[in-house]
Amino acid sequence: MGQRTKIKALLQSEQTNIEVTVKGWVRTFRNNQFIALNDGSTNNNIQVVVDFENTDPAILKRITTGAAISVVGQLVASLGKGQTVEVKATEIEVLGDSDPEKYPLQPKKHSLEFLREIAHLRFRTNTFGAIFRVRNSLSFAVHQFFQEKGFVYLHTPIITASDAEGAGETFHVTNFDLLNPPKTEDGEIDFKQDFFGRPTNLTVSGQLEGELGAMALSDIYTFGPTFRAENSNTTRHLAEFWMIEPEMAFYDLTDNMNLAEELLKYVIRYALDKNKEDIEFLSQRLEEEEKQKPQNERSDMSLLDKLQFCLDNDFERLTYTEAIDILKESTPNKKKKFQYPVEGWGTDLQSEHERYLVEKHFKKPVILTDYPKDIKAFYMRQNEPDAQGRETVRAMDILFPGIGEIVGGSQREERLDKLEQRMDEMGIPKDELWWYLDTRRFGACPHAGFGLGFERLVLFVTGMGNIRDVIPFPRFPKNAEF
RNA sequence: UCCUGAGUAGCUCAGCUGGUUAGAGCAUCUGACUGUUAAUCAGAGGGUCCCUGGUUCGAGUCCAGGCUCAGGAGCCA
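Residues numbered from 1 in each chain as written. Chains lettered and ligands numbered in written order. Predicted model: local features only at pLDDT ≥ 70, side-chain atom pairs only at ≥ 80, totals over all residues. Heavy atoms only, no water.

Participant: Got a minute to help me understand the domain arrangement of chain A in this structure?
Facilitator: Interfaces are frequently sized by the accessible area removed from exposure as the parts join. One can read the domain layout of chain A as domain 1 (7-104) and domain 2 (126-169 + 204-469). For domain 1 versus domain 2, the distance between C-alpha centres works out to 45 Å. Listed as interface residues are six residues of domain 1 and, on the opposing side, six residues of domain 2. Carbon and sulfur atoms make up 20% of the surface buried where domain 1 meets domain 2, a total of about 470 Å² over both sides. In this structure, the connection of domain 1 to domain 2 is made through five residue pairs in polar contact (both at pLDDT 80 or more). Its residues assigned to classes, the side of domain 1 that touches domain 2 shows no nonpolar, five polar and one charged. (Domains from an automatic or database assignment. Contact = heavy atoms within 4.5 Å. Buried area = accessible area lost by both parts, 1.4 Å probe. Polar contact = N/O pair within 3.5 Å; in protein donor to acceptor, adjacent residues only side chain to side chain. Nonpolar A, V, L, I, M, F, W, Y, C, P; charged D, E, K, R; others polar.)

Participant: Got a minute to help me understand the nonpolar core in this structure?
Facilitator: Counting 65 residues, the largest nonpolar core has Ile268, Ile398, Phe400, Leu457 and Val461 as the members making the most contacts within it. Sorting elements by how many residues they give to this core places helix H6 (residues 253-274) first, with twelve residues. Setting aside anything within four residues of it in sequence, one finds Ile268 in contact with Leu138, Leu307, Cys310, Leu311, Phe400, Leu457, Phe460 and Val461. Counting residues in each nonpolar core, the second largest holds 29 residues, with Tyr379, Met423, Leu433 and Tyr436 among its members. (Core = buried A, V, L, I, M, F, W, Y, C linked by side-chain atoms within 4.5 Å. Buried < 20%, exposed > 50% of the residue type's maximum accessible area, 1.4 Å probe, protein only. Helix = DSSP H or I, 4+ residues; strand = E, 2+ residues; numbered from the N terminus.)

Participant: Is there a simple way to explain the protein's contact with RNA strand B in this structure?
Facilitator: In the vicinity of RNA strand B, 52 residues are found, and the nearest of them are Lys81, Thr234, His237, Arg355 and Arg456. Within the side chain of Glu86, a nitrogen or oxygen atom sits 2.7 Å from a base nitrogen of RNA strand B. Arg468 places a polar side-chain atom, nitrogen or oxygen, 2.8 Å from a phosphate oxygen of RNA strand B. Among the secondary structure elements, those contributing two or more residues to the surface near RNA strand B are strand E5 (85-96), helix H3 (112-117), strand E11 (240-249), helix H11 (351-361), strand E15 (404-411) and strand E16 (447-453). It is E15 that provides the largest number of residues to the surface near RNA strand B, a total of four residues. Among the residues forming the surface near RNA strand B, the class breakdown is 13 nonpolar, 22 polar and 17 charged. (Near = heavy atom within 4 Å.)

Participant: Mind showing me how you'd approach the sheet that holds strand E4 (residues 68-77) here?
Facilitator: Consider a sheet: its strands pair through backbone hydrogen bonds, and that pairing is either parallel or antiparallel. Taken in spatial order, the five strands line up as E1-E2-E3-E5-E4 and close into a barrel, and their pairing is mixed. Going across the sheet, the axis of each strand differs from the next one's by a mean of 55°, ignoring polarity. (Pairing = 2+ DSSP bridges. Axes fitted to C-alpha atoms, helices over the stretch in contact; angles between N-to-C directions.)

Participant: Could you clarify how one ought to interpret the sheet that holds strand E7 (residues 159-160) in this entry?
Facilitator: Across the sheet, which stays open at both edges, the three strands sit in the order E7-E9-E8 with antiparallel pairing between neighbours. Of all the strands in the sheet, the pair left with one neighbour each is E7 and strand E8 (172-173).

Participant: Sorry, what's going on with a positive patch on the surface here?
Facilitator: Among the surface-exposed residues, Arg236, Arg355, Lys360 and Lys363 lie close enough to one another that they form a single positively charged patch. If you trace the backbone, Arg355 turns up in helix H11. Residue classification places Arg355 among the partly exposed positions, given a relative accessible area of 44%. (Patch = residues over 30% accessible without salt bridge, like charges linked within 9 Å, V, L, I, M, F, W, Y side chains within 5 Å. Areas by Shrake-Rupley, 256 points an atom, 1.4 Å probe, with all protein chains shown as cover. Salt bridge = Lys/Arg side-chain N within 4 Å of Asp/Glu carboxyl O. Lys, Arg positive; Asp, Glu negative; His and termini not counted. Charge placed at Lys NZ, Arg CZ, Asp CG, Glu CD.)

Participant: What's the story with helix H12 (residues 416-426) in this structure? I'm lost.
Facilitator: One turn of the α-helix equals 3.6 residues, which is why residues spaced by three or four share an orientation. Buried within H12 we find Leu419, Arg422 and Met423. Buried residues of H12, viewed axially, fall in a sector of 100°; they line one side. Directly beyond the C-terminal end of H12, a positive phi value near 70° is found at Gly427. (Arc of directions from axis to C-beta.)

Now the structure itself:
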């Protein structure tokens, strides 16, 4: 195969009147003369000009939407408007035909719902090309951020036996013949005979194992897939999603928040630098989408503005208790506009409350800390009760506009007695987590960490509305196609 | 899982209180045109009206059950 130049490079080329080879997929073929060609290196197409009078009509007929072609020609300054350079073709080879009667992508706008049904082909659209290039950059930036800080990328297991965290319903992992699993004398399934000799499942979080790494390597992070078998049908949940989970020894909650905020700003800035054109395209796409909405639901900021705003401003930090006070005094609460009125202290915030704080009250990302201990996980460090005897933990959630919770983290409980007491209270089996408790027995130290939902980050940066559109092949209830 | 809405041509949709042969735009195909940018103009083809059952002389339309999708809620990242 001969060398080819990628379209991104061609469009940036300072030289013209040179011979080039370009390969890609036909987006449109206009006028029997102009091919809009795309190879995924950029959202922009290169225009290939065909001398149709001197080209075999059999070849012309095969240049259809979706076909893969190879073109040799001269890179020249464009004679038409709309592009600066174009390729005057001298040789066109059709590498792969695409039957236009059957090819589902048409040179027209498609709904995101339809494209979701043809996820194997949606990469070939402008929107999804942009999304997945941005996703790639964000992913790379995450690694670069942590590597620059000397964090160790730790691979925590995908298959685990611990469901102890109670982070959600798990997918079981088994080798059994489901119709005929071995039974014990009591008629129970005999997991001793299963592959691992015990019940196992796909991980819901690498945190507990991550903490083990941090207790020796100081600063670690995981970045891998996570699985939750919850029957969630929302625009913010997936059954298989990617999570970034750093754990840092000798960090307290403030250090933890600082790191999370710095990480988010770093990766957003990286994507803005690296994928300017893609994000501009997505920003424009969003603006057009917003025009379809009624005036009062439209956002006053463009995607680009929102991202820049996020970089330029400190995230608002306040405690759960302060948030409750604000919500109690808020206009929608007084006018009984909330579906769930804010009355007492101690219950979890509803989506509408979080949205009010982020989108109406502060109008920027918000970090809520020190939640009531009864609504949080067992491993979070307990605060001293306040003057009124209210018990909280050193938890922090970062809430983003339009997304809700994007980060959940905490300072971990390093005191063995407090941790064991909490596990007893919550019915967490200590014997199963003996290895976790060992870190509190041998050289325990203050430490902290958080989980960042990667797809939620991609949602925010791309301005997309449904999480199923920012992962190549989404897994959700009743769907595992592709 | 709950609430609301939807499912009609390849796509996006219209189809009234049940009535004869189910429509439009785009896409596709054929022809014309040939520096186009969602090209344009003319013509043509294209339907399991989501599935199952029921009511009725007659169902895309009404009823029941199911499936799928979308938005919202809960769970959370």
